[in-house]
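Take a look at the letters that make up each chain.
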Amino acid sequence: MRRPVLIVCGVLVLAAAAFLLFGRDGTPADTSPEAGFARDMATHHAQAVDMAFVIRDKGPAREIRSLAFDIINTQANQRGMFQGWLQQWGLSQATDQRPMAWMSGHGHGGTPSAGATPGVMPGMASAEELSRLKAAQGTQAEVLFLQLMIRHHEGGVQMAEGLLRLSTRSEVVSMAQKIVDGQSGEIKLMTELLAQRGAQPYPSMLKSQ
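Here the structure is a predicted model, which means the values were calculated and not measured.

**What about the overall build of the protein?**
Then, number 1: Along the protein, the regular secondary structure elements total six helices and zero strands.
Then, number 2: Here the protein holds 209 residues, and 43% of them are scored as buried.
Then, number 3: Taking the intrachain contacts of the protein between residues at least 6 apart in sequence as the baseline, contacts between residues at least 24 apart amount to 74%.
Then, number 4: Within the structure as shown, the protein displays about 11,100 Å² of accessible surface, and the carbon and sulfur contribution to it stands at 57%.

Quick look at the structure:
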């Protein structure tokens, strides 16, 4: 009789694990990679939008102003989609889980990206860096914005690539791939804009560009 009991117990454990990842109706559950990605990327995008507004309001060169405008529109729209998913899935916008917990494994098969700090979203600017950006003027402000935003985009690419390894949900996978493609293209553009100003990006967080 022990074998059937063990089988039943095993099935119950798998069912409980599945419920943590997917709700009763098959939508992502609170601890799923999809929910964690949506919450963390919404926060990540919010900072990118804030930095873009800061540089836009300084009256930068036309190409920097155009880039800032694109970042504001694209990432604000994507952020709205992340928040809409959470509402559609019946999940809260906030959680008591650490940032990036969804990429830390715990049954999902994910592992933190190389160089990533546990509990910290990659690429985020510090409060001190944001203060320096707000205080900077002219070319100095443009260079600092580009350096911070390249690193921020690299962090976004890391997060999106992490989701692609963990999820098969079509709308989330499609968005993650758009982020990888779009932000990789903007990284190349911003690197060129830095070179035009005699500056270079911070050391790359990505394995390859």
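**Digging into the packing of aromatic side chains**
Then, number 1: With the rule as written, the count across this model stands at four aromatic pairs.
Then, number 2: Considering the side-chain rings of Phe37 and Phe82, the 5.8 Å spacing of their centres and the 80 degrees angle between planes classify their relative orientation as edge-to-face. Of the two residues, Phe37 sits in helix 2 (residues 33-56) while Phe82 sits in helix 3 (residues 62-88), which places them 45 residues apart along the sequence.
Then, number 3: The class for Phe37 is buried, based on a relative accessible area of 0%.

**Considerations on the environment of Arg151**
Then, number 1: With respect to the helices, strands and loops of the structure, Arg151 is situated in helix 5 (residues 138-166).
Then, number 2: Look at Arg151 and you get buried, because its relative accessible area is 17%.
Then, number 3: Excluding anything up to four places from it in sequence, Arg151 contacts Gly123, Met124, Ala125, Glu129, Tyr202 and Met205.

**Digging into the side chain of Glu186**
Then, number 1: If you trace the backbone, Glu186 turns up in helix 6 (residues 170-196).
Then, number 2: One buried charged residue, Glu186, forms no salt bridge at all, with the nearest opposite charge on Lys188 at 13 Å.
Then, number 3: Contacts of Glu186, omitting those with residues within four sequence positions, involve Leu67, Asp70, Ile71 and His153.

**Topic: the pattern of salt bridges**
Then, number 1: Under the criterion given, the structure shown has seven salt bridges.
Then, number 2: The partner of Arg56 in a salt bridge is Asp57, and the shortest N-O contact between them spans 2.7 Å.
Then, number 3: Looking at Asp57, the relative accessible area reads 56%, which means it is exposed.
Then, number 4: Two residues, Arg132 and Glu128, come together in a salt bridge whose shortest N-O distance is 2.9 Å.

**Quick look at the environment of Asp40**
Then, number 1: Within the secondary structure layout, Asp40 lies in helix 2.
Then, number 2: Among the residues examined, Asp40 registers a relative accessible area of 9% and is labelled buried.
Then, number 3: In this structure the C-alpha to C-alpha distance between Asp40 and Met121, which are 81 residues apart in sequence, comes to 7.4 Å.
Then, number 4: Excluding residues that lie within four positions of it along the chain, Asp40 makes contacts with Pro99, Met100, Trp102, Met121 and Met159.

Calculation notes
- Residues numbered from 1 in each chain as written.
- Predicted model: local features only at pLDDT ≥ 70, side-chain atom pairs only at ≥ 80, totals over all residues.
- Heavy atoms only, no water.
- Helix = DSSP H or I, 4+ residues; strand = E, 2+ residues; numbered from the N terminus.
- Buried < 20%, exposed > 50% of the residue type's maximum accessible area, 1.4 Å probe, protein only.
- Contact = heavy atoms within 4.5 Å.
- Areas by Shrake-Rupley, 256 points an atom, 1.4 Å probe, with all protein chains shown as cover.
- Phe/Tyr/Trp six-rings, centres within 6.5 Å; stacked < 30°, edge-to-face > 60°.
- Lys, Arg positive; Asp, Glu negative; His and termini not counted.
- Salt bridge = Lys/Arg side-chain N within 4 Å of Asp/Glu carboxyl O.

None of this, on its own, says anything about what the molecule does.
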